[in-house]
Amino acid sequence: MVNSRRNSILSAIVTDYVATREPVGSKALVERYNLGVSSATVRNDMAALEEAGYIYQPHTSAGRVPTDKGYRAFVDQIATLKPLSDPERRGIEQFLADAVELDDVVHRTVHLLAQLTGQVAIVQYPSLQNAELRHVELVPLSENHVLTIVITASGRVEQKPVVLENDTTDTDIRALTIAINEQLAGKIPSEINAARSELCAAVPALAPFLDAIETMLLRPTEDKIVMAGTANLARAGIDFENTIGPVLDVLEEQVTLLRLFAEAKNEALAVSIGAENKHDGLSEASVVAGLYTYNEGMSSHLGIVGPTRMNYPKTMRSVNAVARYLTRFLAKG
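Cut-off values and rules
Residues numbered from 1 in each chain as written. Predicted model: local features only at pLDDT ≥ 70, side-chain atom pairs only at ≥ 80, totals over all residues. Heavy atoms only, no water. Pairing = 2+ DSSP bridges. Helix = DSSP H or I, 4+ residues; strand = E, 2+ residues; numbered from the N terminus. Axes fitted to C-alpha atoms, helices over the stretch in contact; angles between N-to-C directions. Phe/Tyr/Trp six-rings, centres within 6.5 Å; stacked < 30°, edge-to-face > 60°. Lys NZ or Arg CZ within 6 Å of the ring centre and 35° of its normal. Parallel < 35°, antiparallel > 145°, perpendicular 65-115°, else oblique. Left-handed = near helix turned anticlockwise from the far one by under 90°. Contact = heavy atoms within 4.5 Å. Nonpolar A, V, L, I, M, F, W, Y, C, P; charged D, E, K, R; others polar. Buried < 20%, exposed > 50% of the residue type's maximum accessible area, 1.4 Å probe, protein only.

Caption draft 1: A look at the sheet that holds strand S5 (residues 145–152). Strands sit in the order S4-S5-S6 across an open sheet of 3 strands; the sheet is antiparallel. With partners counted over all chains shown, the strands left at the sheet margins are strand S4 (133–140) and strand S6 (157–163), one partner each. Strand-to-strand, the axes of this sheet are offset by a mean angle of 20°, without reference to chain direction. Where S5 meets S6, 7 bridges bridge the pair, whose relative direction is antiparallel.

Put into structure tokens, the structure is as follows:
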């Protein structure tokens, strides 16, 4: 669309329809928005927008409502996202502040995003592969069995038992724990492997533990997601012309949700609307996906699923902000 006035009218129609869920007429637009033109001019522009497929008339004598194409044009016009208010920023910081490990962080994040947007929120766990080592704890189980616990920079925890050829005292285990953390904390698997020969030459007893640590850090992990706010979708059921059943079916399929994130690729913020979604079950829904990073450039997704009639500026702002705060929080680890 090249007509700036029609852009403004379309934006007004989307904003009004999202707020009221009532078809929007020319009189309402003139009364509620400072368009600077007459009702007749607005009617002519609305007719042009309808002909171009941006809005439609649900029934005779009604106002107009946006189509998927109209929502897309509206979203594409959003050049910048309004920053969060001070109370919103403090709320996010306080909500995440007391989290102590990855599961807690992810679950807090997904519930926060559901509250902020009023939609179904989804967070993809960070991948363990190529993870940076934060800390190792060696826990004696018997004289020659030691549990090796790995904590990554993203807060993920893995554990593996190690069987030693010789009996080892608790004092020996404490010394090995200190040596491992002093030498390896902050390193990724390739760096650990590069340091292996020198470390094992100095302390041969480290060898089986280095094997265990590298195995855990390189272990293929299934992508995992967590979801919250399904009740929000149920409350929005009136926004689905047919039924919310297909959307709920999609939400039960983790593979499908991961595919939605994959389709967002590595965009910092991606929005897919209605028919743009490749899954038929989401033909009346929109997906807003954001990207958070960890481990010096690795990334995973978070986002929301909701009806196409949603407050896109607020939702996009919330997804973007939570992604940034999660990135910052994980970087502290």
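Caption draft 2: How the structure looks around the packing of aromatic side chains. In the structure shown here, the tally under the stated rule is 1 aromatic pair. Positioned above the aromatic ring of Tyr-54 is the side chain of Lys-69, whose terminal nitrogen or guanidinium carbon lies 4.7 Å from the ring centre. The ring of Tyr-125 carries the charged tip of Lys-224 above its face, separated from the ring centre by 4.6 Å.

Caption draft 3: Main features of the packing of helix H5 (residues 86–97) against helix H6 (residues 102–117). Axis separation between H5 and H6 bottoms out at 9 Å; the angle between their running directions is 150°. By the angle class used here, H5 and H6 are roughly antiparallel. Crossing handedness for the pair H5 and H6: right-handed. In this structure, H5 uses Ile-92, Phe-95 and Leu-96 to contact H6, whose residues at the interface are Val-105, Arg-108, Thr-109, His-111, Leu-112, Gln-115 and Leu-116. Among the residues making up the contact of H5 with H6, the classes are represented as 6 nonpolar, 3 polar and 1 charged.

Caption draft 4: The arrangement of the packing of H5 against helix H13 (residues 312–332) in detail. One way to put it is that H5 packs onto H13 with a least axis distance of 11 Å and a crossing angle of 45°. Of the possible angle classes, the one that applies to H5 and H13 is oblique. Pair H5 / H13 crosses with right-handed handedness. On the side of H5, the interface is formed by Glu-88, Arg-89, Ile-92, Glu-93, Leu-96 and Ala-97, while H13 contributes Arg-317, Val-322, Tyr-325, Arg-328 and Phe-329.

Caption draft 5: Just the sheet that holds strand S9 (residues 285–294), in detail. Taken in spatial order, the 5 strands of this open sheet run S7-S3-S10-S9-S8, and their pairing is antiparallel. With partners counted over all chains shown, the strands left at the sheet margins are strand S7 (225–228) and strand S8 (269–273), one partner each. Along the sheet, successive strands turn relative to each other by an average axial angle of 15°, direction set aside. The pairing of S8 with S9 spans 5 bridges and is classified as antiparallel. Its bridge partner lying in S9, Ile-273 is registered against Ser-286. Packed on one face of the sheet, H13 meets S8, S9 and strand S10 (298–307) and runs near 20° to S9.

Caption draft 6: Seen up close, helix H4 (residues 68–77). Three or more residues of H4 are buried, namely Gly-70, Tyr-71, Arg-72, Ala-73, Phe-74 and Val-75. Residues of H4 that are buried make contact with helix H1 (4–20), strand S2 (65–66), S8 and H13.

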